[in-house]
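Chain residues, written in single-letter form:
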Amino acid sequence: INLITCNINSIADNNVTIKVNNENVGTQSGGWGGSGGVVSAPLIPGVNIFSFTATNTGDTPNPAGLLVTVFNPDNNQILFSTGDNGWGYTYGSNL
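Caption draft 1: Seen up close, the overall build of the chain. Broken down by element type, the chain carries zero helices and seven strands. Listing the helices and strands of the chain from first to last along the sequence gives β-β-β-β-β-β-β. Taken across its 95 residues, the chain has 27% of its residues classed as buried. For the chain, restricting intrachain contacts to residue pairs at least 6 apart in sequence, the fraction spanning at least 24 positions comes to 56%.

Caption draft 2: Here's a closer look at the nonpolar core. Within the largest apolar cluster, 13 residues are counted, with the highest numbers of intra-cluster contacts made by Cys6, Ile8, Ile18, Phe52 and Val70. When contributions to this core are tallied by element, the ones reaching two or more residues are β1 (4-13), β2 (15-20), β4 (37-43) and β6 (65-71). Excluding its chain neighbours within four sequence positions, the residues that come into contact with Ile8 are Ile18, Val20, Val25, Gly37, Val38, Val39, Ala41, Phe50, Phe52, Val68, Thr69 and Val70.

Caption draft 3: Looking closely at the pairing of β1. Within β1, seven of the 10 residues are buried, leaving the element largely enclosed by the surrounding structure. In this sheet, β4 lies alongside β1 in antiparallel orientation, the contact comprising seven bridges. When the sheet's bridge partners are listed, Asn7 is paired in β4 with Ser40. Here β1 pairs with β6 via seven bridges, running antiparallel. The residue bridging Ile11 from the neighbouring strand is Leu67, located in β6.

Caption draft 4: A look at the sheet that holds strand β7 (residues 78-81). Strand order in the open sheet made by the four strands is β4-β1-β6-β7, with antiparallel pairing throughout. Unpaired on one side and paired on the other, β4 and β7 mark the two borders of the sheet. Averaged over all pairs of adjacent strands, the angle between strand axes in this sheet comes to 25°, irrespective of strand direction.

Caption draft 5: Up close: the environment of Thr5. For Thr5, the position within the fold is in strand β1. Overall, the relative accessible area of 43% leaves Thr5 in the partly exposed class. Distance in space between the C-alpha atoms of Thr5 and Pro73 is 7.5 Å, their sequence separation being 68 residues.

Caption draft 6: Region of interest: the sheet that holds strand β3 (residues 23-29). On the basis of which strands lie adjacent, the open sheet formed by three strands has the order β3-β2-β5 and antiparallel pairing. At either margin of the open sheet sits one strand with a lone partner, and together these are β3 and β5 (50-55). Averaged over all neighbouring strand pairs, the angle between strand axes comes to 20°, with direction disregarded. Across six bridges, β2 lies against β3 in antiparallel orientation.

About the cut-offs
Residues numbered from 1 in each chain as written. Predicted model: local features only at pLDDT ≥ 70, side-chain atom pairs only at ≥ 80, totals over all residues. Heavy atoms only, no water. Helix = DSSP H or I, 4+ residues; strand = E, 2+ residues; numbered from the N terminus. Buried < 20%, exposed > 50% of the residue type's maximum accessible area, 1.4 Å probe, protein only. Contact = heavy atoms within 4.5 Å. Core = buried A, V, L, I, M, F, W, Y, C linked by side-chain atoms within 4.5 Å. Pairing = 2+ DSSP bridges. Axes fitted to C-alpha atoms, helices over the stretch in contact; angles between N-to-C directions.

This is the structure we're talking about:
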């Protein structure tokens, strides 16, 4: 199988764990004051499943968010990003 690589640029308030095809590929933390982060992940031919588990911390309700862009590192072409068609989310404590 020929694998290609994508880069995943993310920022989360406060933390995010990133999986591609059920494999942990990285984390990012620090919230909006953090630097965000880019991790690389191999893609397989066909459908690839991306999973982002974001956690908002604090003792009281407070704003939270997650921004993601997945791109081809060879030419910086954006493959998808938050807000694109097909982007969805599930709310839950134990997914």
